[in-house]
Amino acid sequence: MTEWRSVFGHEKPYDEQVDGIETAVETGRDGGYTVIEGACGTGKTMIALTAGIDLVRDPETGFERVFVLTSVKQQLRQFEEDLRTINANLPERYDPVSGLTLVGKADVCPYNREAKAGFDDGNVYDRCESLRDRTRGLTGEGGDTTAGVLAARGRQQQTGLADSGRRGSGARFLETAGEPTPYPPDLPEYDDGGGGVEYCPFYAQYLEDLPEDGEGDAAEAVPFGFTETGLLSPEDLIARSAGHGTCPHSVMGALLGHVEVVIGNYYHAFDPTTTAAFTGALLDDSTFVVCDEAHMLEPRVRDLVSEGVTDRTLRDAETELSRVVQPITLEREGRQVEGGSETADAELVRAELADTDVSFEELERTREFISALREELDRRVRAHLDRNHRGWRSDLTALEDAEIPLRDPETPERDELSEWADRAGYGDVAWVRAEHVGAVVERVLNDAEDEEKTRATPAVGRVLGEWYRRGHTDFFREIDLERTWDDTEPPDSWRRAYNARLSLHNCVPSDAIGSRLAAFGGGILMSATLEPMEAFAEVTGLEYVRREKGRPVVERRYGLHFPGENRESFAVATPKFTYGNRGRPGEENRTRQVYADALTEIATVPGNVLVGMPSYGEAEWAAAVLEERVEKPVLLDASSADEVTESLKDDFFAGDGKVLVTSLRGTLTEGVDYSGDRLAAAVICGVPIVNTSSPRTKALRRAYDDEFGDGFAYALTVPAVRKARQAIGRVIRGPEEVGVRVFLDERYARDSWDSVRAYLPPDEREEFQAVSPDMLDVGLERFRERLE
């Protein structure tokens, strides 16, 4: 028996798990990646954790931690559960496997969690950084006090007992995660002689607990033992840290490099801001990375490595620049800044400029450039609305989200905004130097206000610099119009209904993904739907890791190993559910009639039935048809807030059988647990290819044409089939489960020029029986008889 079996959390692994673990361990030792497509029930999370922990605990591998990345909250919980299972079943000779789940600052800050001291999710990051800066200012070099004194004063400033540290006599303490903290609900203040200065007592305590003079390890500031704890959940972290009086977020950061398993989200590894500020220490060859739900890696990272800046941010940057420029302008004109004006001091501005290579003229020029950009943005939005929505000023509520391309999306060329800038006299320097100007503005304003805040100008400067530097094939520039509502804007202004965004979309993120994967020591990428593997390796940069870095990439695929007699699977040769065939929802034609009849047949299967449609509009049509034809309750999922979707899901699971109709673009067809008798059948209508008329989609397809040779397949068809397979995979989740799986569309059933059957794995092509619409009821009846 190999050593990994001592780590494996269950008595006996499946054959697929044995192969998966041993393949991942062997490949990981060689610095490579194992790519696993495993059907539901394969035990992929246990494969990944067992292989990773085995490598980490082998001193010869050089691995120090497993870094789990998942985009689905339910999967994150599964990793936590499996890690607890591993620890519960470890032989006594082994120490528990230490683990930590990463969450955001808003989730761990005691003040924000309890909505105290003016904190909320919208301001927690700025407020936290400002308080940390003040705390460091009071205690650092040249400060008036020490971190220990600040923490002690925080303990003494309870409401109603200003000078007492006793927890009685009416003193109120902030409580969070079920634990009292040593501090009051309101922020304490320190009088530095110029008035009270708010500070964070939790952060002060953390600074006090750090090793003196910056020597030693930050983990020494962790106020509890963690190597014997096993998995430290966010609630445990908060309770133990805040109960001691120290900052939970700082403690989480101190633990990062010292636990064996770190569980997080994709942005913890791929978002430039997050990695620079928080998780950068994990991004090296001592980390074995696990990318779960890896079919989502490409689109999620594409969003993370794209850039953009909104009209409102441009407006705020213009205001910030005016506040820095104004005092020197007025001074040169012999005028004084009016009392109370929110501007910087002229002397402060000159001092800051003296320490940089940014001139006052550059400040003025950048302000002019950003002002002109807003005017050009305004002109283009008005022109677009005049062309496409005549009379839009009289009914702003009728406007919808929109895209305004800045070049022909199918022809790589320089964008129109860059061309406009040239004609307006804003050349290369205006774009490139904006980033340097932004950094100066941020320092001036933070010094002037004695407060660390997120400023708009640095973000604008960064985006303008990227806009200038990035290419025009793999990046696509456009104006995105997002519906919103702002009563402060004039009644006939588009800004009342829209927030416009200058967007720089990264069409081909394979370089960003591949270079980051190459930084890790090895790992596993896994999902229930990765086929075709060749396409997956290309778009995720794995082919770069294999070809350019010479590292092994080994593929494994494990199909359903549950009893075949428990399920029926059909690919029904209904007419293609394309817009050209079906028309608009509500139209009566042969295609819609065939689909209405097939959906009705499937909806009568005993138990819960999930219907996946290509869009929310088509979901409304299907729900209306079924409400008229079936006796079961029909639930319709709309594009809505998370809490509404959760409530709908609970209704679906409660009581007798129902039909749930949703869009395959929604959240109910992936990452939802339909185990047990929660789902008896799933039917997918059509191939859920995204809107091909969108400028962004056209640019994406062209970029993939240039990069991979078949843009339509790589950018559109393959992701669509994966979405359909994800949804259909909700039915069979365990060996005792019984159900029906149906693809409705001849493209799943027959070979043709636009068939997608080739994108199904061989075992699924064999299992999904190609049947004609008039034979579907025969197959379903056969299944009903089997259930009796």
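Structure's up top.
Residues numbered from 1 in each chain as written. Predicted model: local features only at pLDDT ≥ 70, side-chain atom pairs only at ≥ 80, totals over all residues. Heavy atoms only, no water.

### Some thoughts on the environment of Ala512
- Tracing the sequence through the fold places Ala512 in helix H21 (residues 510-519).
- Classification of Ala512 by relative accessible area gives partly exposed; the value is 26%.
- Each C-alpha atom, one on Ala512 and one on Leu304, is 10.0 Å from the other, the two residues being 208 residues apart in sequence.
- If near-sequence neighbours (up to four positions away) are discounted, Ala512 is found in contact with Phe270 and Val305. (Helix = DSSP H or I, 4+ residues; strand = E, 2+ residues; numbered from the N terminus. Buried < 20%, exposed > 50% of the residue type's maximum accessible area, 1.4 Å probe, protein only. Contact = heavy atoms within 4.5 Å.)

### With respect to helix H11 (residues 248-255)
- Here H11 lies mainly inside the structure; seven of its eight residues are buried.
- If you check which residues of H11 are buried, you get Pro248, His249, Ser250, Val251, Met252, Ala254 and Leu255.

### As for the state of the cysteines
- This structure, assessed with the given rule, holds zero disulfides.
- You can see Cys109 has no disulfide; the closest cysteine sulfur is in Cys128, sitting 6.2 Å from it.
- Since its relative accessible area comes to 12%, Cys109 is described here as buried.
- The cysteine Cys291 is free of any disulfide, with Cys40 supplying the nearest cysteine sulfur at 19 Å.
- Classification of Cys291 as buried rests on a relative accessible area of 0%. (Disulfide = S-S within 2.5 Å.)

### Side note on the side chain of Arg784
- Along the chain, Arg784 falls in helix H32 (residues 776-787).
- Look at Arg784 and you get buried, because its relative accessible area is 17%.
- A distance of 2.7 Å separates the side chain of Arg784 from the side chain of Thr604, its partner in a polar contact.
- Not counting residues within four places of it along the chain, the set of residues in contact with Arg784 comprises Glu601, Thr604, Val605 and Pro606. (Polar contact = N/O pair within 3.5 Å; in protein donor to acceptor, adjacent residues only side chain to side chain.)

### Topic: empty space enclosed by the protein
- For the structure on display, the rule yields four cavities of 30 Å³ or more.
- The calculated volume of the largest cavity comes to roughly 240 Å³.
- Lining the largest cavity are 21 residues, and of these Ala39, Leu560, Gly729, Arg741 and Glu764 sit closest to its centre.
- Taken together, the elements giving at least two residues each to the lining of the largest cavity come down to strand E1 (33-38), strand E16 (553-558), helix H29 (711-728) and helix H31 (762-767).
- Its residues assigned to classes, the lining of the largest cavity comprises eight nonpolar, five polar and eight charged.
- Its boundaries defined by the atoms lining it, the second largest cavity holds a volume of some 110 Å³.
- Those elements that place two or more of their residues in the lining of the second largest cavity are helix H6 (110-113), helix H7 (124-139), helix H9 (201-209) and H11.
- Broken down by element, the residue count for the lining of the second largest cavity peaks at three residues, all from H7.
- A breakdown of the residues in the lining of the second largest cavity according to their chemical character gives eleven nonpolar, one polar and two charged. (1 Å grid on protein atoms, 1.4 Å probe; cavity = no way out; pocket = protein on both sides within 12 Å on 5 of 7 lines; lining within 4 Å. Points joined across faces, edges and corners; volume = space filled by probe spheres on them. Nonpolar A, V, L, I, M, F, W, Y, C, P; charged D, E, K, R; others polar.)

### Comments concerning the packing of aromatic side chains
- Tallying each qualifying case throughout the model produces 20 aromatic pairs.
- Ring geometry for Tyr111 and Phe202: centres 5.5 Å apart, planes at 75°, overall edge-to-face. In this pair, Tyr111 is assigned in helix H6 and Phe202 in helix H9, connecting sequence segments 91 residues apart. Phe202 shares its class with Tyr111; the two are buried. (Phe/Tyr/Trp six-rings, centres within 6.5 Å; stacked < 30°, edge-to-face > 60°.)

### Quick look at the sheet that holds strand E13 (residues 475-483)
- Pairing is antiparallel across the open sheet formed by four strands, whose spatial order is E11-E14-E13-E12. With partners counted over all chains shown, the strands left at the sheet margins are strand E11 (307-310) and strand E12 (402-405), one partner each. Shown here is a sheet whose adjacent strand axes are inclined to one another by a mean of 25°, direction ignored.
- Relative to E13, E12 is paired through four bridges, and the arrangement is antiparallel. Bridge pairing in E13 places Ile404 opposite Ile479. (Pairing = 2+ DSSP bridges. Axes fitted to C-alpha atoms, helices over the stretch in contact; angles between N-to-C directions.)

### Description of the sheet that holds strand E21 (residues 681-685)
- One open sheet accounts for seven strands, arranged E19-E20-E18-E21-E22-E17-E23; its pairing is parallel. Among the strands making up the open sheet, the edge pair consists of strand E19 (634-636) and strand E23 (769-771). Across the sheet, the mean angle from the axis of one strand to that of its neighbour is 20°, orientation sign disregarded.

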